[in-house]
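The primary structure of each chain is shown beneath.
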Amino acid sequence: GETVKVTDLVVTAVPKTGNPLTIWAQLDPGVPYGGIAIQPPKGGKVTVQPGDKITVTGKIFDLFGLRILSEASVESTQQGVPLPAPLTVDVAMLGAPPASLSYRSLLVQVNNVKVTADNADAEAGSDYGEIELNDVLRVDDLLAAWGVDLPRPKVGDLFAFIRGVQFHSFANDKLVPRSPADFGK
């Protein structure tokens, strides 16, 4: 990991907890490959919020196509900036690497989708809080927990849109909504 400095990013999502804690930020307007995951040093405090414009310095590395700035120092240079509009992307593209690579860590939106699995890991006998849309894209409750922040969608539920940060973990691309406002019936 080479140390790099990136300026003029807008924070789009900050989790309540995490191991490692990951902040998502991107260019505004959003463009493919314009997002990045930011991980402060272990035990570091996060003082930024969505809508902060930031400068980040950290070690850059790639984890299965997810670009991450680790051990990052984050400086807020402006607060209350409007969030970038989500990029509207076809659900099949977001669920299919390598086409999905350019959208990782960006605020994205899929339209006219159907829940096809209310537990994407049921066949493996597990439940990691992920549902599946249109048989191709997982939705993870990493930022907004099912049953706590919002009800867990059921098989057959239709949504006019779902938006969130595009993420990749455990060999799957995932959409990570931030709040109930990211679901539109």
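Quick look at the structure, then. None of these values were measured; they are calculated from a predicted model.

### Thoughts on the packing of aromatic side chains
Aromatic rings considered in pairs are described by the distance between their centres and by the relative angle of their planes.
Alright, step 1. Counted according to the given criterion, the structure contains 3 aromatic pairs.
Alright, step 2. Relative to phenylalanine 183, the ring of tryptophan 146 has its centre 6.1 Å away and its plane inclined at 65 degrees; by these criteria the two rings are edge-to-face. Here the residue tryptophan 146 occupies a position in the loop between β9 (137-140) and β10 (158-169), and phenylalanine 183 occupies one in strand β12 (residues 183-184), the gap between them amounting to 37 residues.
Alright, step 3. What links up through ring pairs into an aromatic cluster is the set Trp146, Phe159 and Phe183.
Alright, step 4. Note that lysine 185 overlies the ring of phenylalanine 159, its terminal NZ or CZ placed 4.6 Å from the centroid.

### Quick notes on the sheet that holds strand β2 (residues 23-26)
Paired through their backbone hydrogen bonds, the strands of a sheet run either parallel or antiparallel.
Alright, step 1. The mixed closed barrel is built from 5 strands, whose spatial order is β1-β2-β3-β5-β4. This sheet shows a mean twist of 55 degrees between the axes of neighbouring strands, independent of strand direction.
Alright, step 2. Here 10 bridges tie strand β4 (residues 53-63) to strand β5 (residues 66-78), and the two strands are oriented antiparallel to one another. Counterpart to lysine 59 in the pairing with β5 is serine 70.

### Re unusual backbone geometry
Alright, step 1. Put simply, aspartate 28 and proline 29 share a cis peptide bond, and its omega is 5 degrees.
Alright, step 2. Looking at the secondary structure, you find proline 29 in the loop between β2 and β3 (35-39).
Alright, step 3. Backbone torsion omega between proline 97 and proline 98 reads 5 degrees, so that peptide bond is classified as cis.
Alright, step 4. The residue proline 98 is located in the loop between α1 (91-94) and β7 (107-117) in this model.
Alright, step 5. Positioned with a positive phi, asparagine 134 is a non-glycine residue whose angle comes to about 50 degrees.
Alright, step 6. Here asparagine 134 is to be found in the loop between β8 (130-133) and β9.

### A look at the side chain of aspartate 52
Alright, step 1. In this fold, aspartate 52 is placed in the loop between β3 and β4.
Alright, step 2. The buried charged residue aspartate 52 lacks any salt bridge partner; its closest oppositely charged side chain belongs to lysine 53, at an N-O distance of 11 Å.
Alright, step 3. When neighbours within four sequence positions are excluded, aspartate 52 is seen to be in contact with Leu9, Val10, Val11, Thr47, Ser76, Gln78, Gln79 and Gly80.

### Considering the environment of threonine 3
Alright, step 1. As for its placement among the helices and strands, threonine 3 is situated in strand β1 (residues 2-13).
Alright, step 2. We classify threonine 3 as exposed; its relative accessible area is 51%.
Alright, step 3. Linking threonine 3 and serine 70, residues 67 residues apart in sequence, is a C-alpha distance of 9.2 Å.
Alright, step 4. Discounting residues that sit within four places of it in the chain, threonine 3 has contacts with Thr57, Gly58 and Lys59.

### Structural notes on the nonpolar core
Proteins that are soluble and globular tend to have nonpolar side chains buried together.
Alright, step 1. Membership of the largest hydrophobic core comes to 20 residues, with the highest contact counts inside it found for Leu94, Val108, Val110, Val113, Leu133, Ile162 and Leu175.
Alright, step 2. When contributions to this core are tallied by element, the ones reaching two or more residues are α1, β7, β8, β9 and β10.
Alright, step 3. The element best represented in this core is β7, accounting for 4 residues.
Alright, step 4. Judged by nonpolar contacts, the second largest core, of 11 residues, contains Leu9, Ile36, Ile38 and Leu69.

### So, the pairing of β2
Alright, step 1. Because side chains alternate across β2, one face comprises the buried residues Ile23 and Ala25, and the other comprises Trp24 and Gln26, equally buried.
Alright, step 2. Bridge count for β2 against β3 is 4 bridges, and the pairing is antiparallel. Each bridged residue has a counterpart across the sheet, and for glutamine 26 the counterpart in β3 is glycine 35.

Reading the values: rules and limits
- Residues numbered from 1 in each chain as written.
- Predicted model: local features only at pLDDT ≥ 70, side-chain atom pairs only at ≥ 80, totals over all residues.
- Heavy atoms only, no water.
- Phe/Tyr/Trp six-rings, centres within 6.5 Å; stacked < 30°, edge-to-face > 60°.
- Helix = DSSP H or I, 4+ residues; strand = E, 2+ residues; numbered from the N terminus.
- Lys NZ or Arg CZ within 6 Å of the ring centre and 35° of its normal.
- Pairing = 2+ DSSP bridges.
- Axes fitted to C-alpha atoms, helices over the stretch in contact; angles between N-to-C directions.
- Buried < 20%, exposed > 50% of the residue type's maximum accessible area, 1.4 Å probe, protein only.
- Lys, Arg positive; Asp, Glu negative; His and termini not counted.
- Salt bridge = Lys/Arg side-chain N within 4 Å of Asp/Glu carboxyl O.
- Contact = heavy atoms within 4.5 Å.
- Core = buried A, V, L, I, M, F, W, Y, C linked by side-chain atoms within 4.5 Å.

None of the figures reported here should be taken as evidence of function without further support.
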